[in-house]
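So you can see what is in the structure, the chains are spelled out below.
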Amino acid sequence: MVTDRREFLKSTMAGALAATAAAGVTRAHAQGAQQASPKGTKIKPGPRDVLLVVDVQNDFIPGGALAVKEGDAIVPLVNQLAAGFEHVILTQDWHTPGHISFASSHPGKKPFETTQLAYGTQVLWPDHCVQGTPGADLHKDLKIPHGELIIRKGYRKQMDSYSAFFEADGKTTTGLSGYVKDRGFRQVYLVGLATDFCVCWSALDARKVGLGASVIEDACRGIDTNGSLGKAWEQMTKVGVKRIRSTDIAV
Ligand SMILES: [Zn+2]
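Below is a summary of the structure that appears in this document. These numbers were taken from a predicted model, which means no experiment stands behind them. (Residues numbered from 1 in each chain as written. Predicted model: local features only at pLDDT ≥ 70, side-chain atom pairs only at ≥ 80, totals over all residues.)

In the sheet, strand β3 (residues 114–117) pairs with strand β4 (residues 120–123) via four bridges, with the strands oriented antiparallel. Bridged to T114 within β4 is V123. In this structure, the hairpin formed by β3 and β4 is closed by a connection of two residues. (Pairing = 2+ DSSP bridges. Helix = DSSP H or I, 4+ residues; strand = E, 2+ residues; numbered from the N terminus.)

Following this line, the structure appears as structure tokens:
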């Protein structure tokens, strides 16, 4: 399934990303948005930095409908990191019943098969993160009372959304880029589930809209099938997404 998802990413986004990558990197460099911290110096989150907590929801943790291995193991670290950020945004996968990304909406199809939709190849998933159900709830141990925004995605019945910024057609905005710009944030730090899918797509899109982006590796978990995790890092590195660890952050 992961190969399929990656192929979808490559086929639908590679062109756009390739076109914007060079410009994005140059722009970010010019703005100082991708400042590397001097060796041994920890990153101290400031007023223009925001932590993006991606899809830490019951259906993506062990026992959920679309579980990521060890997905629950990141929760204490995510809480600890969040406490060190003045600004935190969370995302929630938030599908209608009968959503087009569900295999159950396509007679004769099984989960992890694909189908062709107007916006490209869609991987079909088990029903997950249905609006208002316990599976769509944020993990109960997530303690981020100061979170400023929960952005919901994938709520259009006819379109999926892995990224926090753009839905699966690559152009329908979730509104997050406008929010982030209005708030004056320049650098996004990403944690959550899964590294090689929603975190990756969100990080790539953060770069696409001119933000600096760093993925805090040990506060994410990936699915990693058929080399998907390596491919995701390759894609992210190519557009200037930084790969860091929680110990790089002073919290
Ligand atoms: Zn989904």
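Strand order across the open sheet formed by six strands is β5-β2-β1-β6-β7-β8, with parallel pairing between neighbours. Of all strands in the sheet, those with a lone pairing partner are β5 (149–153) and β8 (242–244), marking the two edges. Averaged over neighbouring strand pairs, the angle between their axes works out to 25° when direction is ignored. Here three bridges tie strand β1 (residues 49–54) to strand β2 (residues 88–93), and the two strands are oriented parallel to one another. Paired with L51 across the two strands is V88, which belongs to β2. Taken strand by strand, helix α2 (residues 75–83) contacts β1, β2, β6 (187–193) and β7 (212–221), and its axis lies near 145° from that of β7. Across the sheet, helix α4 (residues 195–208) lies against β1, β6 and β7, angled at about 170° from β7, the strand it touches most. (Axes fitted to C-alpha atoms, helices over the stretch in contact; angles between N-to-C directions. Contact = placed C-beta atoms within 7 Å.)

One recurring pattern in soluble globular proteins is that nonpolar side chains are buried together. Ranked by size, the top nonpolar core spans 59 residues in total, and within it L51, L52, V53, L190, V191 and A203 carry the most contacts. Every element with two or more residues in this core is listed here: β1, α2, β2, α3 (176–183), β6, α4, β7 and α5 (228–238). At eight residues, the largest contribution of residues to this core is made by α4. (Core = buried A, V, L, I, M, F, W, Y, C linked by C-beta atoms within 7 Å. Buried ≥ 20, exposed ≤ 12 C-beta atoms within 10 Å, placed from the backbone.)

Once that is clear, we can look at the packing of α4 against α5. For any two helices packed against each other, the geometry is given by the interaxial angle and the distance between the axes. Between α4 and α5, the least distance of the axes is 10 Å, while the angle of their chain directions is 5°. When the axes of α4 and α5 are compared, the pair comes out roughly parallel. Here T195, D196, C200, A203 and L204 of α4 lie close against α5, whose contacting residues are S228, L229, A232, Q235 and M236. (Parallel < 35°, antiparallel > 145°, perpendicular 65-115°, else oblique.)

Along a regular strand, successive side chains alternate from one face of the sheet to the other. Buried residues dominate β1, accounting for six of its six residues. Taking every second residue as pointing to the same face, both faces of β1 are buried, with D49, L51 and V53 on one and V50, L52 and V54 on the other. As defined by bridge partners, β1 adjoins β6 across six bridges and the pair is classed as parallel. Following the sheet pairing, D49 is matched in β6 by Q187. Taking the sense of rotation as the criterion, the β-α-β connection linking β1, α2 and β2 turns out right-handed. (Right-handed = clockwise from strand over helix to strand, strands pointing away.)

Attention shifts here to α5. Listing the buried residues of α5 in full gives S228, L229, A232, Q235 and M236. The buried residues of α5 occupy an angular sector of 125° when projected down its axis, which confines them to one face. Looking at α5, the residues exposed on the side facing more than 90 degrees away from the buried face are G230, E234 and T237. Following α5 by one or two positions, G240 adopts a phi angle in the positive range, close to 90°. (Arc of directions from axis to C-beta.)

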